[in-house]
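Report on the structure
Okay, here's what each chain looks like letter by letter:
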Amino acid sequence: MIEFAGVTKQYPDGTVAVDNLDLVVPDGTLTVFVGPSGCGKTTSMRMINRMIEPTSGTLTVDGSDISTVDPVKLRLGIGYVIQSAGLMPHQRVIDNVATVPVLKGESRRKARKAALGVLERVGLDPELAKRYPAQLSGGQQQRVGVARARAADPPILLMDEPFSAVDPVVREELQTEILRLQDELHKTIVFVTHDIDEAVKIGDRVAVFGRGGVLEQYDAPERLLSNPANDFVAGFIGADRGYRGLQFRHATGLPMHELRVVAESGIDGL
Ligand code: ADP
Ligand code: MG
């Protein structure tokens, strides 16, 4: 379990990036941090593995105040996937995937063998294992990023806009993939995105951040869509979903998934 208790981050220039955040990420859930650019999603996430230190408040992981945990040790239990996949360009795909197990003391041979299996499980042809990252498409690189995080097998995974640089089709595939993996593995995942559609598709719980690093609502996706806590949340889910948001939803009384069909089929003026 990851718990933020009154966590604030103010940068030296005075910017309050995260404002008094109280939030619990339960074990085995996929929690999404969503909100417009600059609302403190990345800062909140990076405080979990101590890449950024809070100005005040306490962050605990499995009951330990992380300010007392050695950051290197802390990070061995926390995988981190970023938008560019963060692969090491001079290492072959297979060695990118095998990195953390080798760091943890596994033999290179054994780690490579396991890496091949993981590559296959995230939908990559093992033939690609010999290539360098630059010889892969963006979507394939992201899959390698996911494979690497998976091979390391940390109980916690942090993913910062991991799919936002790939095209929409590949992106949907990767979203489905992460859901499939999660069904199997039940990791504790914190996933940052600015895309509300992505958030409600993959999240067990969704935290909506607003301006000034304020948490506006933290709920299951259905609750968020049916009961937005305030105008900010209503606007965010409405504006980003490309149709008339709340008014539309309340006027029809249809459940959300049917509304999506209506909205996507382009029927207007309901
Ligand atoms: P998000 O990931 O939601 O786009 P960030 O957490 O990156 O937002 O940033 C939150 C706020 O903090 C923004 O206003 C950003 O400009 C500011 N910020 C981020 N990093 C720094 C920094 N190192 N110094 C000063 N301000 C920063
Ligand atoms: Mg960010």
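Residues numbered from 1 in each chain as written. Chains lettered and ligands numbered in written order. Predicted model: local features only at pLDDT ≥ 70, side-chain atom pairs only at ≥ 80, totals over all residues. Heavy atoms only, no water.

Quick notes on helix α6 (residues 168–185)
What counts is decided by this rule: Note on conventions: DSSP H or I runs of at least 4 residues are helices, E runs of at least 2 residues are strands, and numbering of each starts at the N terminus. One less than the residue count of a helix, multiplied by 1.5 Å, gives the span that helix is expected to have. Exposure classes here rest on a 1.4 Å probe applied to the protein chains alone. A residue is buried below 20% of its type maximum, exposed above 50%, and partly exposed in between. Think of it as the arc spanned by the lines of direction from the helix axis to the C-beta atoms. Any pair of residues with heavy atoms lying within 4.5 Å of one another is described as a contacting pair. Nitrogen and oxygen atoms within 3.5 Å of one another constitute a polar contact, given that in protein one can donate a hydrogen and the other can accept it, and given that sequence-neighbouring residues count only through two side-chain atoms.
Here α6 is 18 residues long and its end C-alpha atoms lie 25 Å apart, about the 26 Å a rise of 1.5 Å per residue gives. Of all the residues in α6, the buried ones are V170, R171, L174, Q175, E177, I178, L181 and Q182. Buried positions in α6, seen along its axis, are confined to an arc of 160 degrees and lie on one side of it. Of the residues in α6, the exposed ones pointing more than 90 degrees away from the buried face are P168, V169 and D183. Check the buried side of α6 and you find it contacts β3 (30–34), α4 (108–121), α5 (138–152), β7 (156–160), β8 (188–193) and α7 (196–202). The backbone nitrogen of V169 has a side-chain oxygen 3.1 Å away, supplied by the residue at the start of α6, namely D167. Phi for H186, located one or two positions after α6, is positive at around 50 degrees.

A closer look at the environment of P221
Relative to the helices and strands, P221 is located in helix α8 (residues 221–226). What makes P221 buried here is its relative accessible area of 6%. The spacing of P221 and K201 is 20 residues in sequence and 8.1 Å in space, taken between C-alpha atoms. Non-local contacts of P221, meaning those with residues more than four positions away in its chain, are made with V200, G203, D204, R205 and V206.

A few points about the sheet that holds strand β4 (residues 56–61)
Heads up, the rule is: A pair of strands is treated as paired once DSSP finds two or more bridges between them. To define axes, lines are fitted to C-alpha atoms, for helices over the stretch in contact only, and angles between the resulting N-to-C directions are given on a 0 to 180 degree scale.
The 4 strands lie next to each other as β2-β1-β4-β5, forming an open sheet whose pairing is antiparallel. With partners counted over all chains shown, the strands left at the sheet margins are β2 (16–25) and β5 (64–65), one partner each. Strand direction decides the pairing type here: strand β1 (residues 2–10) and β2, joined by 6 bridges, are antiparallel. Across the sheet, the residue bridging to K9 is V18, located in β2. Contacts between helix α1 (residues 41–48) and the sheet are confined to β1, β2 and β4, with β1 contributing the most and set at about 125 degrees to the helix.

Points about the side chain of Q182
Note on placement: Q182 falls in helix α6. According to the relative accessible area criterion, Q182 is buried, its value standing at 7%. If we skip the residues at most four places from it in the chain, Q182 touches G28, T29, L30, K187 and I189.

Overview of the confidence of the model for the chain
Spelled out, the test is: pLDDT is a per-residue confidence score from the predictor, ranging from 0 to 100.
On average, residues of the chain score 86 in pLDDT, and 87% of them are at 70 or above. For residues 242–270, every residue scores under 50 in pLDDT, and the model assigns this stretch 33 contacts once sequence neighbours within four places are set aside.

Focus on unusual backbone geometry
In this structure, D62 is a non-glycine residue whose phi angle is positive, near 50 degrees. With respect to the helices and strands, D62 occurs in the loop between β4 and β5. With a phi angle near 50 degrees, D153 is a residue other than glycine that sits in the positive phi range. Mapped onto the elements, D153 comes out in the loop between α5 and β7.

Considering the nonpolar core
How we decide: To define a nonpolar core, start from buried Ala, Val, Leu, Ile, Met, Phe, Trp, Tyr and Cys residues and group those joined through side-chain atoms within 4.5 Å.
One finds V32, V34, L119, V144, F191 and I196 to be the most contacted residues of the largest nonpolar core, which totals 44 residues. Among the elements that line this core, the one with the most residues is α5, at 5 residues. The contact partners of V32, leaving out residues within four places of it in the chain, are F191, T193, A199, I202, G203, R205, V206 and A207. One finds F4, V25, M45 and L74 within the second-largest nonpolar core, a separate group that totals 26 residues.

Brief notes about the site of ligand 1
Convention followed: Residues are classed as near a molecule or strand on a simple rule: at least one heavy atom within 4 Å of it. Side-chain classes follow a simple rule in which Ala, Val, Leu, Ile, Met, Phe, Trp, Tyr, Cys and Pro form the nonpolar group, Asp, Glu, Lys and Arg form the charged group, and the remainder, Gly included, forms the polar group.
Surrounding ligand 1, one finds Y11, D13, T15, A17, S37, G38, C39, G40, K41, T42 and T43. Within the backbone of C39, an N or O atom sits 3.2 Å from an oxygen atom of ligand 1. A distance of 2.6 Å separates an oxygen atom of ligand 1 from a polar atom in the side chain of T43. Top contributing element to the shell around ligand 1 by residue count: α1, with 3 residues. Broken down by class, the residue content of the shell around ligand 1 amounts to 3 nonpolar, 6 polar and 2 charged.

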